[in-house]
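Results of the structural survey
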Amino acid sequence: MAKTPVKTIKTAKPATKPSVKVPVKPAAKVPILRSGPKPIGKVAVIGAGVMGAGIAAQVANAGIPVVLLDVVPDGAAKAIEKLKKSNPAALMHPRNASLITPGSSIKDLKLVADCDWIIEAVIEKLEVKKSLYKQLALLRHRNAVVSSNTSTLPLDVLTEGLPADFKKHFLIAHFFNPPRYMRLLELVIGEHTLPDVASRVRDFSDRKLGKTVVDCYDTPGFIANRIGTYWMHAGVVKALEMGVGIEEADAMLGKPMGVPKTNLFGLLDLVGLDLMPHVLNSLRGALPANDAFMKLGEAPALLSKMIAEGYTGRKGKGGFYRLDETKTKLVLNLQTGEYAKTRKPKVDAVIAAKKNGLRAMLTHDSAEGRYAWEVIGGTLMYAAGLVGEIAADIHTIDTAMRLGFNWKKGPFELIDSVGTAWLADKMVAEGLPVPAILKAAAGRKLYRVSNGRLEYLTLNGDYAAVRRPEGVLLLEDIKREAGGQKGRLFGNMSASVWDIGDRVACFEMHSKMNSFNPLVLRVLREAQRKLPEMGYKGLVLYNEGSNFSVGANILMLLVTGKLRLWGLVDWILRDGQQTFAGLKYAPFPVVAAPHNMALGGGCEIVLHAHAVEAHAELYMGLVEAGVGIIPGWGGCKELLGRAIAKSKSKGPMPPVIQAFETIAMAKVSKSAAEARDLLFLRDTDGVVMNRDRVLESAKARVLHMAHGFEPPAPHEYRLPGPSGLAALKLALHDFFKKGIATKHDMVVGGELARALTGGDTDLTEILGEDDMLKLERKGLVTLAKTRGTQDRIAYMLKKNKPLRN
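Owing to the predicted nature of the structure, the values given are computational and were not obtained by experimental measurement.

Considering the arrangement of structural elements, one finds H233 in helix α7 (residues 224–242). Among residues more than four places away in sequence, those in contact with H233 are L280, F293, L296, G297, E298, A299 and P300.

This brings us to the packing of aromatic side chains. Counted under the stated rule, the structure contains 13 aromatic pairs. Aromatic side chains W117 and F204 sit 5.9 Å apart centroid to centroid with 85° between the ring planes, which places their arrangement in the edge-to-face category. One end of the pair, W117, is in strand β4 (residues 117–120); the other, F204, is in helix α6 (residues 195–207), and 87 residues separate them in sequence. Judged by its relative accessible area of 0%, W117 is buried. When the ring of F516 is compared with that of F580, the centres are 5.6 Å apart and the planes differ by 70°; the resulting orientation is edge-to-face. Of the two residues, F516 is situated in strand β18 (residues 515–516) and F580 in helix α22 (residues 566–584); the sequence distance between them amounts to 64 residues. Taken together, W117, F175 and F204 form an aromatic cluster joined through their ring pairs.

In this section: a negative patch on the surface. A contiguous patch of negative charge, built from D156, E160, E191 and D218, is present on the exposed surface. Along the chain, E160 falls in the loop between α4 (155–159) and α5 (164–168). E160 sits in the exposed class, given a relative accessible area of 52%.

Put simply, N87 and P88 share a cis peptide bond, and its omega is 5°. Note that P88 resides in the loop between α2 (75–85) and β3 (100–104). For the bond running from N177 to P178, omega is 0°, close enough to zero to count as cis. Note on placement: P178 falls in the loop between β6 (170–175) and β7 (184–189). Residues other than glycine seldom take positive phi values, yet N451 does so here, at roughly 55°. Take N451: its relative accessible area is 76%, and that puts it in the exposed class.

All right, on to the environment of G641 then. Along the chain, G641 turns up in helix α24 (residues 635–646). C-alpha of G641 to C-alpha of N547: the two residues are 94 residues apart in sequence and 26 Å apart in space. The residues contacting G641, other than those within four sequence positions of it, are H715 and Y717.

Tallied over the entire structure, the rule returns 45 salt bridges. The residue D692 makes a salt bridge to R183 at a minimum N-O spacing of 3.1 Å. Taken together, the residues span a long stretch of sequence, with D692 in the loop between β25 (686–688) and α27 (694–706) and R183 in the loop between β6 and β7 at a distance of 509 residues. A relative accessible area of 21% means that D692 is categorised as partly exposed. Note that E455 and R448 form a salt bridge whose closest N and O atoms lie 2.8 Å from each other. For R448, a relative accessible area of 38% corresponds to the partly exposed category.

Running from amino to carboxyl end, helix α8 (residues 246–253) crosses helix α14 (residues 367–384) at an angle of 60°, the nearest separation of the two axes being 10 Å. The pairing of α8 with α14 is recorded here as oblique in orientation. Of the two elements, α8 crosses α14, and the hand of that crossing is right-handed. Within the contact between the two elements, α8 uses E248, A249, M252 and L253 and α14 uses E368, G369, Y371, A372, V375 and I376.

Another point: a positive patch on the surface. On the surface, K255, K261, K346, K354 and K408 cluster together into a positively charged patch. Checked against the element boundaries, K354 lands in helix α12 (residues 348–356).

The subject of this paragraph is the sheet that holds strand β14 (residues 463–465). Each strand in a sheet pairs with another by means of backbone hydrogen bonds, the pair being arranged parallel or else antiparallel. What the 3 strands build is an open sheet, ordered β12-β13-β14; its pairing is antiparallel. In this open sheet, the two strands that pair with only one neighbour each are β12 (447–450) and β14. With direction set aside, neighbouring strand axes in the sheet form an average angle of 40°. Where strand β13 (residues 453–457) and β14 come together, 3 bridges link them in antiparallel fashion. The residue bridging L457 from the neighbouring strand is Y463, located in β14.

Taken together, the side chains of L555, V559, L563, L565, L568, W571 and L797 present a nonpolar region at the surface, about 630 Å² in accessible area. For the nonpolar patch, the secondary structure elements donating two or more residues are α21 (554–562) and α22.

Quick look at the pairing of strand β23 (residues 611–615) now. When you tally the buried positions in β23, you get 5 out of 5 residues, the bulk of the element. Covered by surrounding structure in β23 are A611, E613 and H615 together with V612 and A614, the residues of both alternating faces. Pairing geometry for strand β21 (residues 590–592) and β23, over 2 bridges, is parallel. If you follow A592 over to β23, its bridge partner there is V612. The pairing of β23 with β25 spans 3 bridges and is parallel. From the neighbouring strand, E613 faces β25, where its bridge partner is G686.

For the protein chain, mean pLDDT is 93; residues scoring 70 or higher make up 96% of the total. Confidence drops under pLDDT 50 across residues 1–34; counting only partners more than four residues distant or on other chains, this segment forms 54 contacts.

Here 8 strands make up an open sheet; going across it, the order is β3-β2-β1-β4-β5-β6-β7-β8 and the pairing mixed. At either margin of the open sheet sits one strand with a lone partner, and together these are β3 and β8 (212–215). Each strand of the sheet is rotated relative to its neighbour by a mean of 25°, with strand direction disregarded. The sheet contact formed by β4 and strand β5 (residues 145–148) spans 4 bridges and is parallel. Within the sheet, the bridge partner assigned to W117 lies in β5 and is V145. Helix-sheet contacts for α6 involve β1 (43–46), β4, β5, β6, β7 and β8, and the interaxial angle to β7 is about 180°.

Scoring rules and cut-offs
Residues numbered from 1 in each chain as written. Predicted model: local features only at pLDDT ≥ 70, side-chain atom pairs only at ≥ 80, totals over all residues. Heavy atoms only, no water. Helix = DSSP H or I, 4+ residues; strand = E, 2+ residues; numbered from the N terminus. Contact = heavy atoms within 4.5 Å. Phe/Tyr/Trp six-rings, centres within 6.5 Å; stacked < 30°, edge-to-face > 60°. Buried < 20%, exposed > 50% of the residue type's maximum accessible area, 1.4 Å probe, protein only. Patch = residues over 30% accessible without salt bridge, like charges linked within 9 Å, V, L, I, M, F, W, Y side chains within 5 Å. Areas by Shrake-Rupley, 256 points an atom, 1.4 Å probe, with all protein chains shown as cover. Salt bridge = Lys/Arg side-chain N within 4 Å of Asp/Glu carboxyl O. Lys, Arg positive; Asp, Glu negative; His and termini not counted. Charge placed at Lys NZ, Arg CZ, Asp CG, Glu CD. Axes fitted to C-alpha atoms, helices over the stretch in contact; angles between N-to-C directions. Parallel < 35°, antiparallel > 145°, perpendicular 65-115°, else oblique. Left-handed = near helix turned anticlockwise from the far one by under 90°. Pairing = 2+ DSSP bridges. pLDDT = per-residue confidence, 0-100.

Structure (structure tokens):
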């Protein structure tokens, strides 16, 4: 790596080829010698239930043709229609449905003949699966992989009596529901499975389907369901036994443990209570009698009663929680079976955890504290005893639990937070056998950082380095290798700039929810000034927070508005506009790498980047209208500029209307594919399916663009002026009469229309970007002065949802 004036971080692998296609001079034709089977280019899914159809949808999302077969006549075709209407959407774009070919697994099984991966997702009955495999053994092409989505039937049992070549091309690939959103894929390799077969499935699932693939052993429930089901079952059983209320239980099994907001009982409602007896019975039928899971007993009678009465969770009349006819949230009393209004109780054990960590809750002298120990402590001990049985190491198990159940920390990361010595001593005190991994720890941490690299403890007592797949570059690893904040190039409490190798820098936001404030903008300006002086080739805009950015900190606008500091509001707007314009016209390439939510200012900064390498899961939009303002940091000028460039009409109104509708209706993409439709992404921007590969892809894009880079030419605008404004206001009035737009929507829409139509201009004038920025500032300040906008901002800050005033 070339030397730079600052400390650099070496990456494990060279930059990969960017996803954008670049015209190149055709090479002379030479014979191409191929070794081994071709990569997976077509897939078949057999079984069009919820899981099978969801897997087919994700394959289609990757742009790969897929055959979907079902035993029920027209079952696959009906499943595709359901996919088109599903919420949350299984398809990243409606057109992806055209890549799915429906058929009958009885009449059309021959359609699998040219498929490279055949995924079986039929009913969990051994005789049904084996009958299907016998047919597939005759129909599949010689290199086709066959896999099962089972999590209950052993691989050896599935393939018993089948041809040797079939066994060589068979494995278990266990997806999680819904397949589009759950990143985990558990892989079980048989003793006969060819290494090439496993590597092809692993690579395709990683790069094309966006999965993190973990290798697990062929044991009941594999990793995530084995531990996760224990946790859920223990949570219900112990709450009933110990007389702990649902809200108290969820308070302890939620945030203190790093579990999503659904908590345990809310999660059961979400997945469906009617599913639990099947899962429990399946595990109980496969596990040995001395397994700790078996000691929890069968599904409680209460669960059976609720299912029989239609209380199956969110898909039924409700579950542990439900809404009454007034939409008031109710919670079930486990002792009486009656529902009552939720009350959000304060639990002393939870307060102790907030002050002193998880161990304080597990040792709290209260019924709730004892419940927490039984459930959380029991889960941690259960997981510790499974190392070497369900997977080779603790890091694999932690990864599976984080991605399969969306825990913030895996069980062994949680054990580190309470202390390995403490947990081992607690087990000894209770007469429980200490698991081998805790004996190997001997009081040491299960994870450590050595020479800037994350390592985990193995069963033999040594530490092993965490290894990333080829082509994965994570900022957390770079920061660790750099020694934390002290190793960054520069930054402050809200943002930092890091060296990510090959003389490419990365701008990271780490303010609350990655929102913009003056400190964030200061670091961006510093990057524009310093990076060329330091010899850097370009900049990536990226972070590894839950969301890319939720936009500007609107509290600043509310406070300055109430104090009537309009000059300060104008300065904040100019500051953001100039900073984002500085990125657009920087002398080096700026590549944005957004993921999840990129809203408001988060969308605007992406619009100013020279290129984008986006994660496929991208919820992007200019949503300012929801808080009663218009985009003020160049969002209007950039979106309108793109609409004009894409417009096939000679008149000025079509692109104005397109931009107006997108901004006024606060349209948000539900994927990167939809973001392209809304012009938030360009045709040349890249989309990356696996979030762990976004940074490397963006870095490669910078390196590709750096040689001979020139900033883009500014947009020019020929706009309709007052006549266009009148037309848009007429449309707004019509929406108001129909009840679609509210009174303050009319005010916000009017200012947006004025900005997008060019103010007092006419068709003989050509406006520049500075003119558009001035219109944005004027419109936003005007709206900030209104009571309606101030009410909207205050309501959003308090309720986290828009006010319809």
